[in-house]
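Here is what each chain is made of, one letter per residue.
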Amino acid sequence: MQFKHITCPQCGLLCDDLDVSVNDQDVTLDDNSHSVCKQFFVDAKLTDKSVLQPRINGKPCTLNEAVAHAAKLHTTAKQSIISGLIADVQACRSAFALAEKTHSVIDHANGQSMRASTAIMQRYGEVRTTLAEARNRADCIVLFGAEILTKFPRLRERILQPAETISGNTDRKIIIIDVVENTDLAADEEIEFFHLPLPNLEAAIQQLQYLASPRASAETEIEPAIRAIHQQISESNYAVLTWTASLFSKNTAEQTLQNLTFFIKESMKTQRCVGLPLSGSRGEITANQVSTWQTGFPLPVAFSSGAPEHNPVIYNAETMLTNSEADLLTWISTYSSDDTPKQYATANIVIGHPNMQCDQTVDVFIPVGIPGVDQRGLACRTDAVATLPLHSIRKNDLPSADHVLNLIYQAL
Amino acid sequence: MAIKLVGAQIYDPMHQIDGKQMDIGIDQEQICNADALAPDCESIDISDCIVMAGAIDLHTHIGGGKVNIARTMMIEDHQAHIHHGDHQCRAGSGHAVPSTFTAGYRYAEMGYTAGFEPAVLPINARQAHMEMADTPMIDKGGYVLLGNDDFLLQMMRDGASQSAINDYVAWVLNASQCIGIKVVNAGGVHAFKFNQRRLDVDEVSTASGVTPRQIVNVLSRAVYELGVTHPLHVHASNLGVPGNFETTIATMGAAEGVPIHLTHIQFHSYGTEGDMKFSSAACEIAEAINNNKNVTADVGQIMFGQTVTTSGDTMMQYYGHEHGSPKKWTVMDIECEMGCGVVPFRYRDKSFVNALQWSIGLEIFLQVNDPWRVFLTTDHPNGAPFTSYPHLIKLLMNRSFRNDHLSNLHPEAQRMSNLSSMDREYSLYEIAIMTRAAPAKILGLADQGHLAAGATANITVYRKQDDIEKMFAHPAYVFKNGTMIVKDGKIIETVKGVTHVVKPEYDKSIEKSLRTYFDKFQTISLDNFKISNDEMEECIGSQVVEHPCTKP
């Protein structure tokens, strides 16, 4: 059976123009050129239905037994963490209900890399644009790091170089800045690639920000390429700056995003200049949106007192798990079989992708349907504006993560 | 379950009942004739109470991306207002722009049973509906934004017929599961993307080639001709600009006699008199409303204290961001449809401008003669959080209380305001009109906003007391669809509420050009853009209730 307009949740772009064929438990993307999307559907193929049973310490059991055991672990836990959250809206909603009931700390698998962006929004606010706006409006797009094209492989085709735009003008400058050589991009006639002799991308952004600041002077030592790029931005009608925070060092990401924000806001005094941050490849935008509307706080959220508390230093899930500050981890991961939890000295419940390999070290493993293949769902895109439907295109008996979380909730 | 509410004073303006002592019957989810109930049914003596239908907020920002941005930016407010859950209620946080569960509980505790999100971006409609689905206790609905979208502007530039525009408007209403159409700074948000910093009502946008007046004209006509009950909901051009009352009156004229609703009109009622070049034009605006029977307005009253402004009007949010407090602001261009801007504000009674804004709002309330055509809002959270409604009602009903407050404001603002000379005090009957009967009527909710047999049993019971503010803040009982959800101001049972929508008919051939537009320019496919009823129920989490459209 063939399906059209299928959404792929494998990266934050949530491309929804895919044709997918389904033959029993085999799902195949019809267009092989979309490598990341293809991997999502290859990974979804179910070959052996017998392994889809829940397991307690590696031994097969019924769903009811697995849920009862999971509930028992929650009852005895002193400090529980719910993480992963690589899931659709409905599963995230249920995860928050469970977190509140069990006084857990809840965070996303990519929580740490989201912190800088959240902090900048909390402290300064931002100037942003969305995918379609950038696609149609931009006459100059600057990307900080060539790796963006690898992480978001259809960005070029869908946003940077569309066949047509609303204005009719497809002539635009596409500039990529990096500090490592890239011979393919250097030879690419449609892209201006700048290999800068700087230690990192953060240094390039710092220099760019300096040029826009009121204290900038002609004498300060700035890479000529940065001056040229600044000039290019200044002369454009709608300049889009694109980055992904995961390419920045954890220690300096906040400062770097602050520099980008200050640059854009300073530019806004006279011209249109906007940011287009890219993320969401593990569903973190979805989890963060649900967190913000349900609790009033972005991730992480601690329900230790029963009410939500937001303190990203104290309640960083990965740090808490590493430092043995928790004794139970509930890991929710439904998009990729590879997204298993790290090994920590806690009891653990995994509500996971059906092809996930979990051994006896996992106390409870409950395989669940994949949103966008086995279950309907909703996911939020990188720009945190568009929410895309994930379709159910395959029939089997796998429960949804949402259903399993509700069962655990009810068993408590 | 049947309940008889015995002996209360009833205020039901839809049926001209002004304080008459009567019994009210509840049978399952509906109001029924109390005499028809079995004699042994549950009976509650409320002879020391007054009864009104559940209140309806027709303009409150409770869901969507901009609200989530505001929640993120208002971290200090959220840290300072943590709300514990219990066996009934979920936990949450926030005062100015609370989390979803909290917003639903606070509304119910004040006797509100419905709230309408006035700025649903088509592309963000799913999220807005999800947030509203997670806002329990009250019914919800949304007004979808048009008038800055490239598709409409291109149609207008190409000289599309009114009927083709009507088809597009109807398609968007169907696709986004909304109950009305809103326009924000018509054409201005689009122009801002081209670095235009202002756009007056008769100014041709260099970006789109059309004027705000033309956009308001075609959209107000479309809504009218499609038979959508709620008139075009208009956030006029030049929000916050001294002298903008002329723009507002011109915007009323753009409708050319068809119904038009001017929202948060306080922010659009400013003159340029006086040394500070900022003055009240409430008198001119009220006169224009009084003289134009096709015009309705909600006020968008400001209250003093910390809040956050969240608006689709990027152009004017950017214009005003320097006055924000604390100093942080967000502006976002969105999907060739719209934009949004979020700027925290702290309104101060010792600020001349803020004090005069406060007076202007009240002056409008007191000078519009017909309470069926002026609605009680603070444009939550832009003027103040919705939790300030009981205080606002007291300001309207008690002249000495109002004048006491006025006397504490910035002296120059007092001098520039003629509020102290206004004797009018709203009656309970008039409050019932502007918070219940009139919103239900203007939204086309035939079964709400009144207390006749057959109406949905959304009922608020207030215990009479001298302090009107306390009375409206803590009802004795609130019933939602016949279920007692609040007792003595506390939630005793949680319910979900539904989503009210309209689905006007249209010529389906409009999808041909829309499909081309989506395929060529958009980043979501047309089929995935549309939200179906079963998606609303199964994934988004809210049942849809459709209301009829009646073509003129």
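Computed from a predicted model, the values in this text were never measured in an experiment.

About the cut-offs
Residues numbered from 1 in each chain as written. Chains lettered and ligands numbered in written order. Predicted model: local features only at pLDDT ≥ 70, side-chain atom pairs only at ≥ 80, totals over all residues. Heavy atoms only, no water. Helix = DSSP H or I, 4+ residues; strand = E, 2+ residues; numbered from the N terminus. Rg over C-alpha atoms; globule rule 2.2 N^0.38 Å. Buried < 20%, exposed > 50% of the residue type's maximum accessible area, 1.4 Å probe, protein only. Areas by Shrake-Rupley, 256 points an atom, 1.4 Å probe, with all protein chains shown as cover. Contact = heavy atoms within 4.5 Å. Buried area = accessible area lost by both parts, 1.4 Å probe. Salt bridge = Lys/Arg side-chain N within 4 Å of Asp/Glu carboxyl O. Polar contact = N/O pair within 3.5 Å; in protein donor to acceptor, adjacent residues only side chain to side chain. Nonpolar A, V, L, I, M, F, W, Y, C, P; charged D, E, K, R; others polar. Pairing = 2+ DSSP bridges. Axes fitted to C-alpha atoms, helices over the stretch in contact; angles between N-to-C directions. Parallel < 35°, antiparallel > 145°, perpendicular 65-115°, else oblique. pLDDT = per-residue confidence, 0-100. Expected span 1.5 Å × (residues − 1).

Structural notes on the overall build of chain A
The secondary structure content of chain A amounts to 14 helices and 19 strands. Radius of gyration (C-alpha) of chain A: 23 Å, near the 22 Å computed for a compact globule of 412 residues. Its C-alpha atoms give chain A principal-axis dimensions of about 70 × 50 × 35 Å. Scored against the burial criterion, the 412 residues of chain A give a buried share of 64%. When the accessible surface of chain A is totalled, it reaches about 15,300 Å², and 47% of it is carbon and sulfur.

Considering unusual backbone geometry
Residue and element names in this part refer to chain B. Cis geometry is found at the peptide bond from Ser 325 to Pro 326, where omega equals -5°. Omega for the bond connecting His 380 with Pro 381 falls within 30 degrees of zero, at -5°, which places this linkage in the cis form. A positive phi angle is found at Gln 28, which is not glycine, with a value near 55°. Along the chain, Gln 28 turns up in the loop between β2 (17-27) and β3 (30-32). One non-glycine residue, Asp 488, lies in positive phi territory at about 50°. Locating Asp 488 in the fold gives a position in the loop between β23 (483-487) and β24 (490-491).

A look at the interface of chain A and chain B
How big an interface is tends to be expressed through the accessible area that disappears when the partners come together. Listed by partner, the interface residues are 63 residues for chain A and 65 residues for chain B. Overall, the association of chain A and chain B removes approximately 5,400 Å² of surface from exposure, summing both partners, and the carbon and sulfur fraction of that is 52%. Of all residues in chain A, A:Arg272, A:Trp293 and A:Arg376 give up the largest surface area on contact with chain B, accounting jointly for 13% of the area buried on that side. Applying the counting criterion to the chain A and chain B interface returns nine salt bridges. Ionic pairing is found between A:Arg93 and B:Asp134, a salt bridge with its closest N-O pair at 3.1 Å. Here chain A and chain B share 56 residue pairs in polar contact (both at pLDDT 80 or more) between them. Its residues assigned to classes, the side of chain A that touches chain B comprises 24 nonpolar, 22 polar and 17 charged.

Considerations on the sheet that holds strand β5 (residues 59-60) of chain A
All names here are of chain A. The strand order across the open sheet built from eight strands is β5-β4-β17-β16-β15-β6-β7-β14, with neighbouring strands paired in mixed fashion. Two strands in the sheet have a free side with no partner beyond their single neighbour: β5 and β14 (301-302). Here strand β4 (residues 55-56) pairs with strand β17 (residues 364-367) via two bridges, running antiparallel. When the bridges of β17 are listed, Ile 56 appears paired with Val 364. Its contacts with the sheet put helix α14 (residues 401-411) on β15 (328-333), β16 (347-352) and β17, and the angle it makes with β16 is roughly 145°.

A word on the packing of helix α13 (residues 389-397) of chain B against helix α14 (residues 399-406) of chain B
All names here are of chain B. For the pair α13 and α14, interaxial distance at closest approach is 5 Å and the crossing angle is 105°. The angle between α13 and α14 places the two elements in the roughly perpendicular class. Across the interface between the two elements, His 391, Lys 394, Leu 395, Leu 396 and Met 397 from α13 touch Arg 399, Phe 401, Arg 402 and His 405 from α14. Classifying every residue of the contact of α13 with α14 gives four nonpolar, two polar and three charged.

Description of the confidence of the model for chain B
Looking at chain B as a whole, the pLDDT averages 97, with 100% of positions reaching at least 70. Model confidence for the complex: the whole-complex pTM is 0.98, and ipTM, which rates the interface, is 0.98.

Details of the pairing of strand β18 (residues 330-334) of chain B
Strand residues, when the strand is regular, have side chains that alternate between the two faces of the sheet. Counting buried residues along β18(B), five of its five residues qualify, which places the element largely inside the surrounding structure. Burial along β18(B) is two-sided: B:Thr330, B:Met332 and B:Ile334 and B:Val331 and B:Asp333, pointing in opposite directions, are all buried. Sheet analysis places strand β8 (residues 127-128) of chain A next to β18(B), joined by two bridges and oriented parallel. Its bridge partner lying in β18(B), A:Arg128 is registered against B:Met332. Sheet topology places β18(B) next to strand β19 (residues 338-347) of chain B; five bridges connect them, and they run antiparallel. Bridging across to β19(B), B:Asp333 finds its partner in B:Gly339. Counted along the chain from β18(B) to the antiparallel partner β19(B), the turn is three residues long, and its residue B:Glu335 has a positive phi close to 50°.

Brief notes about helix α9 (residues 201-212) of chain A
All names here are of chain A. Across its 12 residues, α9 extends 17 Å between first and last C-alpha, which sits within 8% of the 16 Å expected from 1.5 Å per residue. Residues Leu 201, Glu 202, Ala 203, Ala 204, Ile 205, Gln 207, Leu 208, Gln 209, Tyr 210, Leu 211 and Ala 212 constitute the buried set of α9. Contact partners of the buried residues in α9: β9 (140-144), β10 (173-178), α10 (224-234), β12 (238-243) and α11 (253-267).

Structural notes on the side chain of A:Ser291
Structurally, A:Ser291 can be placed in helix α12 (residues 284-295). With residues up to four places along the chain from it excluded, the contact list for A:Ser291 reads A:Phe96, A:Gly296, A:Phe297, A:Pro298, A:Leu299 and A:Val301.

Examining the pairing of strand β16 (residues 295-298) of chain B
All names here are of chain B. Residue alternation in β16 divides its side chains into two sets, Val 295 and Ala 297 and Thr 296 and Asp 298, and both sets are buried. Note: strand β13 (residues 260-262) against β16, three bridges, orientation parallel. Residue pairing for β16: Ile 260 is matched across the bridge by Val 295. With two bridges connecting them, β16 and strand β20 (residues 374-375) associate as parallel partners. Looking at the pairing, Asp 298 lines up with Phe 375 of β20.

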